[in-house]
Amino acid sequence: MAVIADREGAYAPPVREENYLTWDHSIKSWLFTQDHKRIAILYLISITVFFLLGGIFAMLFRIELLTPAGDVFEADRYNKFFTLHGVIMIFFFLIPSVPATLGNFLVPIMVGARDLAFPKINLASWWVFNVAGVFALLVLVTGGVDTGWTFYSPLSTSYANTSVFLAVTAAFAAGFSSILTGINFIVTVHKMRAPGLTWFRLPLFIWANYATGVVIMLGTPVVAITLFLIAVERLWGVGIFDPALGGDSVLFQHMFWFYSHPAVYIMILPGFGVISEIIPCFSRNRIFGYPFIAFSTLSIAILGFFVWGHHMFVSGQSFYTGMVFSFLTMFIAAPTAVKIMNWTFTLHGGNVIMTTPMLYAIGFIGLFTIGGVTGLFLAAMGLDVPLHDTYFVVAHFHFTMVGGMAMAFFAGIHFWWPKMIGKMYPEFMGKFACIIIFTGFNLTFMPQFIVGWLGMPRRYHAYPEEWQVLNVMSTAGASILGFGFLACIACLIWSAFWGKPAKQNPWGAKGLEWEVCTSPPHPHNFTSIPVVTEEAYSYTGEEVLDID
Amino acid sequence: MTSVTMGPAEPVIPHHFETKPQHNECNILGMWLFLAQEIMFFGGLFTAYAVYRFKYPDAWEAGSAELNRAIGTGNTIVLLVSSLTMALSVYFAQTDQFKKLVASFSLTMVFGAIFLIVKAFEYHEKYTHGLIPGAWWDPIHPPEIDDPSKMQLFFIMYFIMTGMHAFHMVIGLIIAAVMMIMMLKRKFGPNKYMPVEMFGFYWHFVDIVWVFLFPMVYLI
């Protein structure tokens, strides 16, 4: 992406040679910043805290599952642990993970703009997210919540005597903050692209975040009103969803999954975008089938709104409704497979360089494929009946969300770390943590496929003795996985302070953020708005790493 | 550029935009997207309404008959007139007519307030008739339907839907009050009318929600 000319009225360069991190050190300049790059860093700190918190709950219930008897924690407490794990990981880590951090940082730079269209709304998004986080912490101090992250009625509305109200308020507010981010992305991509940056010259990361924005905008309000109705039903003591009072609890499931199934695409689509950047860069190859990846992103976003009923095959939905949802769910595997194939063909014939981000990206392709294929098992209506609510579903979901999304998130964080922080992370430690995470992950969740296939239901704190071996493997894997995440985060934090300074383009990558922006970027990104003359990923195979 | 009596003398472009039209287009697209998510938000309520109406048609008919159609119609007219004055406000801001702008925007606020006051009286009437679901539920004349308790569901949906609409009106009036102060300080004018136009988008949207709510709860 060459810069051929400065536009008229170019932005005056700053007097001081500073970057966005160093131009002002005051606390106020961080907490009330309107700079999309600083907001990305703020979000990164917030979601890391929640990621660790969610991980602690996972470790607690894995300890309980070491032994068949429910002996470490009583059933009530166990229910609270898996609920809090789910609520925190989904609403406070997975949904904001890539869009709010990498997306916030990169979307304006990649489209050649100085900021997102609405910087104040972007800042408001982070504040609303933190208000939501305070509600989530209030849930913890008021004794937790035990309905599962799905808040199914009538359990959540009539029977649970835990902090359901605070928990749905937290999810409501977190959803609102994601809507603000989504709208910002859509407007920025539509209206603020640099001259010459046509839709089909956009990096695929932008397509992914654009599609994510659309899903957020159309899906999140529906869950917002659904959670609002749950809160009203609890506070007012009337029956909206409780069948005993004339309500319809299946209606709740429809309204909940109308958002919460598309929400998994909110979580995974930005991850696809990250992988689409890293694979061509470290294959030194143009991406295979650019338009197919771009349109598969959009078709996943659209199809994702028509598959929610596959969560309700055994909830009393009619047989024919189930068949339609089953068919549509199978259908969504097609665009996903298109992506996997295209990434693989990009690797083919490329000059593959195994850096840490590439290692995560390759791991992503393998794990996500397993997660996707097992999704087809569950989409088959007949097979879903025995597998519904077993550990098979848990393993499938974690293969797509941890094996997929978390791997993509860490791939992206490592890839753009030199750009965001201006420091190189230690390569050996990065790879070491990646391999630990990969090993621990497989050891945790592979046995869960088997134990789920054997019939172990999810959300129980006790189980028959013959499943102990598999559960011990899973808990051992979770410990390794937890260690891997800590090693990875520690390595990144260490490098932020003591790492080697990064060059402008350490990976020899293509893209405005590498070719035009300094590391870390200037507070206003560009001294003059670039003019784009090439398509994305115009790798020639001759790019070199530029690392000391 | 001719001198203007209100608002900035020249268009102000925030640092991250290149041109004024780009700035305006971003605002308009952003507002449309916000309204799209609002439609999905109310859409959830409309879906629940439709499902329960389908399940309990008798209860719905009996519940709807308890509402005061004359007041509902009057309130609809009040709200539609407020939309007209809102549209005029945008025009007066663009064409630099200070007095007319203040007058028409004030009228918009007054009509909005009238709507809410009437709505409050309607709610109170429901209370005196024992039509508040939950602990106060005690209709004086239980209608002759299979299961009178299902009529509660109608009133739950009635209060949540009109309540959510009224909540949007309250938010609108708060924003309008802030804008009124800025307007009197002559902050808006031909070179800065976007805030007025954005508020107009929101106000019209809230009116349109009512245009759908009114027949759904009062008429059919």
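Everything quoted here is computed from the prediction, not taken from an experiment. (Residues numbered from 1 in each chain as written. Chains lettered and ligands numbered in written order. Predicted model: local features only at pLDDT ≥ 70, side-chain atom pairs only at ≥ 80, totals over all residues. Heavy atoms only, no water.)

1. Some details on the overall build of chain B
Reasoning step 1: A count of helical and extended segments in chain B gives six helices and zero strands.
Reasoning step 2: In chain B, the order of α-helices and β-strands from amino to carboxyl end is α-α-α-α-α-α.
Reasoning step 3: By its C-alpha atoms, chain B is 70 × 30 × 25 Å across when sized along the principal axes.
Reasoning step 4: Within the span of chain B, comprising 220 residues, buried residues form 50% of the whole.
Reasoning step 5: If you take every contact in chain B between residues at least 6 apart in sequence, the share linking residues at least 24 apart comes to 78%.
Reasoning step 6: Element-wise, carbon and sulfur atoms account for 71% of the exposed surface of chain B, whose accessible area totals about 10,100 Å².
Reasoning step 7: The centroid of the 13 positive side-chain charges in chain B is displaced by 11 Å from the centroid of its 16 negative side-chain charges. (Helix = DSSP H or I, 4+ residues; strand = E, 2+ residues; numbered from the N terminus. Buried < 20%, exposed > 50% of the residue type's maximum accessible area, 1.4 Å probe, protein only. Contact = heavy atoms within 4.5 Å. Areas by Shrake-Rupley, 256 points an atom, 1.4 Å probe, with all protein chains shown as cover. Lys, Arg positive; Asp, Glu negative; His and termini not counted. Charge placed at Lys NZ, Arg CZ, Asp CG, Glu CD.)

2. Section: the packing of helix H2 (residues 36–64) of chain A against helix H15 (residues 391–421) of chain A
Residues and elements named next belong to chain A.
Reasoning step 1: In contact at an axis separation of 14 Å, H2 and H15 are set at 145° when each is read in the N-to-C sense. Here H2 and H15 pass one another in a crossing that is left-handed. The residues of H15 that touch H2, namely those facing Ile41, Leu44, Ile47, Phe51 and Arg62, are Tyr391, Phe409, Phe410, Ile413, Trp417, Met420 and Ile421.
Reasoning step 2: Partitioning the contact of H2 with H15 into residue classes produces eleven nonpolar, no polar and one charged. (Axes fitted to C-alpha atoms, helices over the stretch in contact; angles between N-to-C directions. Left-handed = near helix turned anticlockwise from the far one by under 90°. Nonpolar A, V, L, I, M, F, W, Y, C, P; charged D, E, K, R; others polar.)

3. Remarks on the interface of chain A and chain B
Reasoning step 1: In this complex, chain A contributes 37 residues to the contact, which on the side of chain B involves 33 residues.
Reasoning step 2: Taking both partners together, chain A and chain B bury about 3,000 Å²; carbon and sulfur atoms supply 75% of that area.
Reasoning step 3: Taken together, the connections running from chain A to chain B amount to two salt bridges.
Reasoning step 4: Going through the elements one at a time, helix H7 (164–191), helix H8 (204–236) and helix H9 (249–283) of chain A are the ones with two or more residues in the side of chain A that touches chain B.
Reasoning step 5: For the side of chain A that touches chain B, the per-class residue count stands at 27 nonpolar, five polar and five charged. (Buried area = accessible area lost by both parts, 1.4 Å probe. Salt bridge = Lys/Arg side-chain N within 4 Å of Asp/Glu carboxyl O.)

4. Quick notes on a nonpolar patch on the surface
All names here are of chain A.
Reasoning step 1: There is a patch of nonpolar side chains on the surface, built from Ile63, Leu66, Val72 and Val472 and spanning about 270 Å² of accessible area.
Reasoning step 2: By the element assignment, isoleucine 63 lies in helix H2.
Reasoning step 3: The class for isoleucine 63 is partly exposed, based on a relative accessible area of 37%. (Patch = residues over 30% accessible without salt bridge, like charges linked within 9 Å, V, L, I, M, F, W, Y side chains within 5 Å.)

5. Topic: the confidence of the model for chain A
Reasoning step 1: Overall, the predicted model of chain A reaches an average pLDDT of 93, with 97% of residues at or above 70.
Reasoning step 2: Below pLDDT 50 for its whole length, residues 1–16 of chain A participates in 31 contacts with residues either more than four positions away or in separate chains. (pLDDT = per-residue confidence, 0-100.)

6. Digging into the packing of aromatic side chains
Reasoning step 1: If you walk through the whole model with that rule in mind, you get 79 aromatic pairs over all chains.
Reasoning step 2: Seen in terms of ring centroids, tryptophan 60 of chain B and phenylalanine 154 of chain B are 5.3 Å apart; in terms of plane orientation they differ by 85°. Their pairing is edge-to-face. Separated by 94 residues along the polypeptide, tryptophan 60 of chain B in helix H2 (residues 57–65) and phenylalanine 154 of chain B in helix H5 (residues 151–184) bring together distant segments of the chain.
Reasoning step 3: Overall, the relative accessible area of 1% leaves tryptophan 60 of chain B in the buried class.
Reasoning step 4: In this structure, arginine 38 of chain A packs its charged tip against the face of tryptophan 30 of chain A, placed 4.1 Å from the ring centre. (Phe/Tyr/Trp six-rings, centres within 6.5 Å; stacked < 30°, edge-to-face > 60°. Lys NZ or Arg CZ within 6 Å of the ring centre and 35° of its normal.)

7. Quick word on the layout of surface pockets
Reasoning step 1: When its volume is computed, the second largest pocket comes out at roughly 1,700 Å³.
Reasoning step 2: As for the second largest pocket, its lining consists of 46 residues, and the residues nearest its centre are Phe118 and Ile121 of chain A together with Met31, Ile175 and Met198 of chain B.
Reasoning step 3: Class assignment for the residues of the lining of the second largest pocket results in 32 nonpolar, ten polar and four charged. (1 Å grid on protein atoms, 1.4 Å probe; cavity = no way out; pocket = protein on both sides within 12 Å on 5 of 7 lines; lining within 4 Å. Points joined across faces, edges and corners; volume = space filled by probe spheres on them.)

8. Concerning helix H3 (residues 75–94) of chain A
Reasoning step 1: When the terminal C-alpha atoms of H3 of chain A are compared, their 27 Å separation across 20 residues agrees well with the 28 Å that a helix rising 1.5 Å per residue should span.
Reasoning step 2: Among the 20 residues that make up H3 of chain A, 15 are buried, leaving the element largely enclosed by the rest of the structure. (Expected span 1.5 Å × (residues − 1).)

9. With respect to the pattern of salt bridges
Reasoning step 1: If you walk through the whole model with that rule in mind, you get eight salt bridges over all chains.
Reasoning step 2: Lysine 55 of chain B serves as the salt-bridge partner of aspartate 248 of chain A, at 3.5 Å between the closest nitrogen and oxygen. Highlighted residues: aspartate 248 of chain A in the loop between H8 and H9 and lysine 55 of chain B in helix H1 (residues 20–55), drawn from two different chains.
Reasoning step 3: Residue classification places lysine 55 of chain B among the partly exposed residues on the basis of a relative accessible area of 38%.

10. A word on the nonpolar core
Reasoning step 1: Grouped together as the largest cluster of nonpolar side chains are 261 residues, with contacts concentrated most on Phe91, Phe92, Trp343, Phe364 and Trp416 of chain A.
Reasoning step 2: With residues near it in sequence (within four places) discarded, phenylalanine 92 of chain A still touches Ile47, Phe50, Val87, Phe129, Ala132, Gly133, Ala136, Ala170 and Ala174 of chain A. (Core = buried A, V, L, I, M, F, W, Y, C linked by side-chain atoms within 4.5 Å.)

11. A few points about the environment of threonine 439 of chain A
Residue and element names in this part refer to chain A.
Reasoning step 1: For threonine 439, the position within the fold is in helix H16 (residues 427–453).
Reasoning step 2: For threonine 439, a relative accessible area of 42% translates into the label partly exposed.
Reasoning step 3: Within the structure, threonine 439 has its side chain in polar contact with the backbone oxygen of isoleucine 435 (distance 2.6 Å). (Polar contact = N/O pair within 3.5 Å; in protein donor to acceptor, adjacent residues only side chain to side chain.)

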